[in-house]
2 protein chains.
Amino acid sequence: MSTTATTVKKRDKVLAKVRKLRGSLTKIRKPAKTRLENVIEVNSLPVPEVHKRVHQKIEELLSRIINYDDPYLLVPDRSSDNVIYDSVTDMVYLGKKFRKRSFLSIKSAREATITARVLSIIHELLEADIHATKREVFYNDVVLFKDQRESDEALEDVAAMLGVERNSLHVVAAAKGAVIGRLRFREQVGSETHLIDCTRLGTGGWAISPLVDRISGIDSDAEFILVVEKDAAFLRLAEDRFYERYPSIIVTGKGQPDIGTRMFLKLLVRELKLPVFALVDSDPFGVHIMLVYAVGSKRMSYETPFLTIPDIKWLGVRPSDLDKYGIPKTVRIPMTPKDIERGKQLLAEEFIKKRPRYKKEIELMLKRKEKAEIQALASKGFRYLTQKYLPEKLETGDWI
Amino acid sequence: MSTTATTVKKRDKVLAKVRKLRGSLTKIRKPAKTRLENVIEVNSLPVPEVHKRVHQKIEELLSRIINYDDPYLLVPDRSSDNVIYDSVTDMVYLGKKFRKRSFLSIKSAREATITARVLSIIHELLEADIHATKREVFYNDVVLFKDQRESDEALEDVAAMLGVERNSLHVVAAAKGAVIGRLRFREQVGSETHLIDCTRLGTGGWAISPLVDRISGIDSDAEFILVVEKDAAFLRLAEDRFYERYPSIIVTGKGQPDIGTRMFLKLLVRELKLPVFALVDSDPFGVHIMLVYAVGSKRMSYETPFLTIPDIKWLGVRPSDLDKYGIPKTVRIPMTPKDIERGKQLLAEEFIKKRPRYKKEIELMLKRKEKAEIQALASKGFRYLTQKYLPEKLETGDWI
């Protein structure tokens, strides 16, 4: 890469506002100074620590049996009033409300047995140091679990008991996303360590692995992360090596993002403390996808803080961009009644209600009854996205 | 990787039948000795050659105009009776039937204009040496095309006119598949060449890029290719580094495979001449996915030979495996009426009808009314798939 003084100057000009944003985010995303008291801290933990906690739980149970005590497991309540999320430190805590699962009570014996069985499966995974999917855990004892919902619930219970998020249990969900750009990291695979360099992965990039607990040594000179809805836009950015001109990491969930992709993205954000920009279609589904990255698709849950990016910025394609960037009327698509209904539902979302500028954009979309895909920018030239639209957006700080 | 004499001996024993299959396939998949006469050969061609052919077509048209001739384009007929596929040489040809598109005839003027416009867009892509998706081509001139079907059809016409497949036009479809294992290759990205080593990509692997025309220097010491339906099975194979013990390349389309993934797989098969084994769910959808890899999802089309693997082998999970490998009744799922209907439809497929052993498997599935996922093998241990099931299948030559 030959970088002349002119291109450096141009780059600095484009990135000035991004750098300012990054500075302000670093201040906000500061590490926890004070910790809440009398709560259970939920964390990502390394295998030996989780392993130790599993043994503790089993020993507690055994000692109750030996002492002729009522054998039971204490499972923290996972209902929303017992989950405390501290947005400043981006940490999650569980209150001290517990549910007691006795093996001797008719009411809870089955639940207690399922929880203990899952605890033992987790122990097996940690001993072998391998990962499994939720589905595989279910298949491990179909006779007992009967329904996958039972083993899924028990997995959440065991995670809460141990004060860890699900990935630390070595139970993962397959991922379909990809990443490319200024990023290097290590992944431990069995006895080997692979050094993965996302600047040298052609136009495909790295297929994101959900085994994020194997990742270490994250290294990057990127100045921001760009999350793109669609693989077609990802391909355009990859082919034009956008990340080289504007040091960045580009992530796509290839449509609606899965848990694995979101967890990987969150890991990058935590480690690198970079601003995250969303590039999505200008339609209700595109906005919905951005919200999944921002706050998740369901209400606040136990895993939320390991997955969400509440300070993600809506870069584009925003409804107001269509006129602003002179996107021809011919490539705008009329919204269907279903689209309009979805748009209205978005206005009821907490995340949108709290952000007047988001609300205004969606109102504009609904007023115009027009939507547009990222690819519609190709009407102004195949490289308009990478050479004009994105640089201009970044330079003018045109995100909300 | 420490490879003792014992493990080499074990590996040789497991792979003996795979090697025999590979030898027999190499004989079948021999290069074309004689070429058909009086036909247009359809090929993957490098940019300069495609570029030259575009110029030829434009010059032909211009000389017709200059000579006061009727200006027209000759477009080869793409209907099935004009497409000749030679399964021995795995080549496709177009017969010499043409349709004349005159710019002066009211009937064909619009079609001729669209074809010429697409020809000029292709020229633009080749000049800039960039790729675009079909959707982006459509957005390039929405006013003229009106509907994406029009530009899609014109793309096929231009490909046929130039005697190339669509990828050579630099029009691609985004891919969602991944690859891992004993494979190295180069991808040209702008002025850079990236060397991609799929043995060192953690558990995620390389996110397959549809820009297969950029790929060169494919190098592998694999003995077979394993195509897996689901990313969960891919993850198990990746985490256990299956490809290291049994030299192989592992590809997944993450469900129903897209064109990009199939094209990449076909490229590997052509270059490496390796046997391809399918690992899919034991249900009608799994079999359907295998058929997409084998022969495509629609009837024989212009692009088929660049996408299909007619000699793919059905390794598992086959309906007969359920009893043979003692898969517990509890993890088998009853087929729904919809499943049964789909199973019956499979029996009507040409590909199945020609293969009595495939037919027998599907009939067994329909008789038992049972289906099972690949993950059901986890009921016999998380690593049963990689340590027992697959090695035994390969060793006993248990594929059809």
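Residues numbered from 1 in each chain as written. Chains lettered and ligands numbered in written order. Predicted model: local features only at pLDDT ≥ 70, side-chain atom pairs only at ≥ 80, totals over all residues.

### As for the overall build of chain A
Summing up its helical and strand segments, chain A has 15 helices and 18 strands in all. Taking 2.2 N^0.38 as the reference for a compact globule, 400 residues should give roughly 21 Å; the C-alpha atoms of chain A span a radius of gyration of 24 Å, in line with that estimate. Along the first, second and third principal axes, the C-alpha set of chain A runs to 75 × 50 × 40 Å. The buried share among the 400 residues of chain A stands at 45%. Restricting the contact set of chain A to residue pairs at least 6 apart, pairs at least 24 apart contribute 75%. (Helix = DSSP H or I, 4+ residues; strand = E, 2+ residues; numbered from the N terminus. Rg over C-alpha atoms; globule rule 2.2 N^0.38 Å. Buried ≥ 20, exposed ≤ 12 C-beta atoms within 10 Å, placed from the backbone. Contact = placed C-beta atoms within 7 Å.)

### Some words on the sheet that holds strand S1 (residues 40-42) of chain A
Residue and element names in this part refer to chain A. Judged by pairing direction, the sheet is antiparallel, and its 3 strands sit side by side in the order S1-S4-S3 without closing on themselves. The two strands at the open ends of the sheet, each matched to only one other strand, are S1 and strand S3 (83-86). Strand-to-strand twist across the sheet, computed as the mean angle between neighbouring axes with direction ignored, equals 30°. The pairing of S3 with strand S4 (residues 91-94) spans 4 bridges and is classified as antiparallel. Note that in S4 the partner of aspartate 86 across the bridge is methionine 91. (Pairing = 2+ DSSP bridges. Axes fitted to C-alpha atoms, helices over the stretch in contact; angles between N-to-C directions.)

### Overview of the nonpolar core
If you look at the biggest cluster of nonpolar residues, it comprises 216 residues, and the most contacted ones within it are Val227(A), Ile225(B), Val227(B) and Ile250(B). Counting residues per element, this core draws most heavily on helix H3 (residues 106-128) of chain A, which supplies 8 residues. Filtering out sequence-adjacent residues up to four positions away, Ile225(B) remains in contact with Ser248(B), Ile249(B), Val251(B), Leu268(B), Val269(B), Leu274(B) and Val276(B). (Core = buried A, V, L, I, M, F, W, Y, C linked by C-beta atoms within 7 Å.)

### What to know about the packing of helix H12 (residues 337-347) of chain A against helix H14 (residues 356-368) of chain A
For any two helices packed against each other, one specifies the inter-axial angle together with the distance between the axes. Residue and element names in this part refer to chain A. Following both chains from N to C, one finds H12 and H14 inclined at 160°, their axes separated by 10 Å at the closest point. Taken together, the axis directions place H12 and H14 in an arrangement best described as roughly antiparallel. H12 and H14 meet at a crossing whose hand is left-handed. Mapping the contact onto sequence places Ile340, Gly343, Lys344, Leu346 and Leu347 in H12 and Lys359, Ile362, Met365 and Leu366 in H14. Taken together, the residues of the contact of H12 with H14 sort by class into 6 nonpolar, 1 polar and 2 charged. (Parallel < 35°, antiparallel > 145°, perpendicular 65-115°, else oblique. Left-handed = near helix turned anticlockwise from the far one by under 90°. Nonpolar A, V, L, I, M, F, W, Y, C, P; charged D, E, K, R; others polar.)

### What to know about helix H14 (residues 356-368) of chain B
Residues and elements named next belong to chain B. Under the 1.5 Å per step criterion, the end-to-end length of H14 is 18 Å for 13 residues, consistent within 8% with the ideal 18 Å. Taken together, the buried positions of H14 are occupied by Tyr358, Glu361, Ile362 and Met365. Burial along H14 is one-sided: seen end-on, the buried residues are contained in an arc of 90°. In H14, the exposed residues that point more than 90 degrees away from the buried face are Pro356, Arg357 and Lys367. Buried residues belonging to H14 abut helix H10 (284-295), strand S16 (313-316), helix H12 (337-347), helix H13 (350-353) and strand S18 (370-371). Backbone geometry just after H14 places lysine 369 at a positive phi near 55°. (Expected span 1.5 Å × (residues − 1). Arc of directions from axis to C-beta.)

Spatial relationships are all this shows, so hold off on functional conclusions.
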